[in-house]
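Remarks on the overall topology
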Amino acid sequence: MLINNAGVLHIKPFLEITSDELTEMIDTNFMAVFQLTQRIVPEMLKQKSGTIVNIASLAGKYGFQGGSGYAATKFALRGFANRSCSSCVRMIFACFRFSLDR
């Protein structure tokens, strides 16, 4: 079983997000999931069994003020999880809501 549960969030208005901050979110929230899944699936295919759980956020569906970069990465994860690797590898997309209130 592979559980993808990493996430980086920079809350800023769209025009204030730096290229480095956006790259960090893309690399952590999407690229790491994509690349790790690519590395693990061949072993799952050999075993003819496997489960991949992608933990995401409702921000990938609805977005929120100050979270355009984060929402974009979670939307990409959502699209990635909607495709199937193989009939013997099950991919689950779990979506959670978080609150910035403390």
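Before reading on, note that the structure itself is shown above.
A brief report on the enclosed structure follows. (Residues numbered from 1 in each chain as written. Predicted model: local features only at pLDDT ≥ 70, side-chain atom pairs only at ≥ 80, totals over all residues. Heavy atoms only, no water.)

Another aspect to go through is the nonpolar core. Generally speaking, nonpolar side chains in soluble globular proteins are found buried as a group. Among the nonpolar cores identified, the biggest contains twelve residues, and these are Leu2, Phe30, Val33, Val41, Met44, Ile52, Ala56, Leu77, Phe80, Ala81, Val89 and Met91. For this core, the secondary structure elements donating two or more residues are α1 (19–47), β2 (51–57) and α3 (68–81). If you tally residues by element for this core, the top one is α1, at four residues. (Core = buried A, V, L, I, M, F, W, Y, C linked by side-chain atoms within 4.5 Å. Buried < 20%, exposed > 50% of the residue type's maximum accessible area, 1.4 Å probe, protein only. Helix = DSSP H or I, 4+ residues; strand = E, 2+ residues; numbered from the N terminus.)

The next point concerns the packing of α1 against α3. Here α1 crosses α3 at 15°, and the two axes come no closer than 8 Å. It follows that α1 is roughly parallel to α3 by the angle criterion. Between α1 and α3 lies a crossing of right-handed hand. Packed against α1, whose contacting residues are Leu22, Met25, Ile26, Asn29, Phe30, Val33, Phe34 and Thr37, the element α3 presents Gly69, Tyr70, Thr73, Lys74, Ala76, Leu77 and Phe80 at the interface. Considered class by class, the residues forming the contact of α1 with α3 number ten nonpolar, four polar and one charged. (Axes fitted to C-alpha atoms, helices over the stretch in contact; angles between N-to-C directions. Parallel < 35°, antiparallel > 145°, perpendicular 65-115°, else oblique. Left-handed = near helix turned anticlockwise from the far one by under 90°. Contact = heavy atoms within 4.5 Å. Nonpolar A, V, L, I, M, F, W, Y, C, P; charged D, E, K, R; others polar.)

Attention now moves to the pairing of β2. Judged by how many residues are buried, β2 sits mostly within the fold: seven of seven residues are covered. Because side chains alternate across β2, one face comprises the buried residues Thr51, Val53, Ile55 and Ser57, and the other comprises Ile52, Asn54 and Ala56, equally buried. As paired strands, strand β1 (residues 2–4) and β2 are joined by three bridges and run parallel to one another. Along β2, the bridge assignment pairs leucine 2 with isoleucine 52. On the question of chirality, the crossover connecting β1 to the parallel β2 by way of α1 is right-handed. (Pairing = 2+ DSSP bridges. Right-handed = clockwise from strand over helix to strand, strands pointing away.)

With 29 residues, α1 extends 41 Å between its outermost C-alpha atoms, agreeing within 8% with the 42 Å of an ideal straight helix rising 1.5 Å per residue. Of all the bends in α1, the greatest, near 40°, is centred on methionine 31. Taken as a whole, α1 has its buried residues at Glu21, Met25, Asn29, Phe30, Val33, Thr37, Val41 and Met44. Immediately downstream of α1, the backbone of lysine 48 shows phi near 60°, a positive value. (Expected span 1.5 Å × (residues − 1). Bend = angle between axes of the 7 residues up to and from the residue.)

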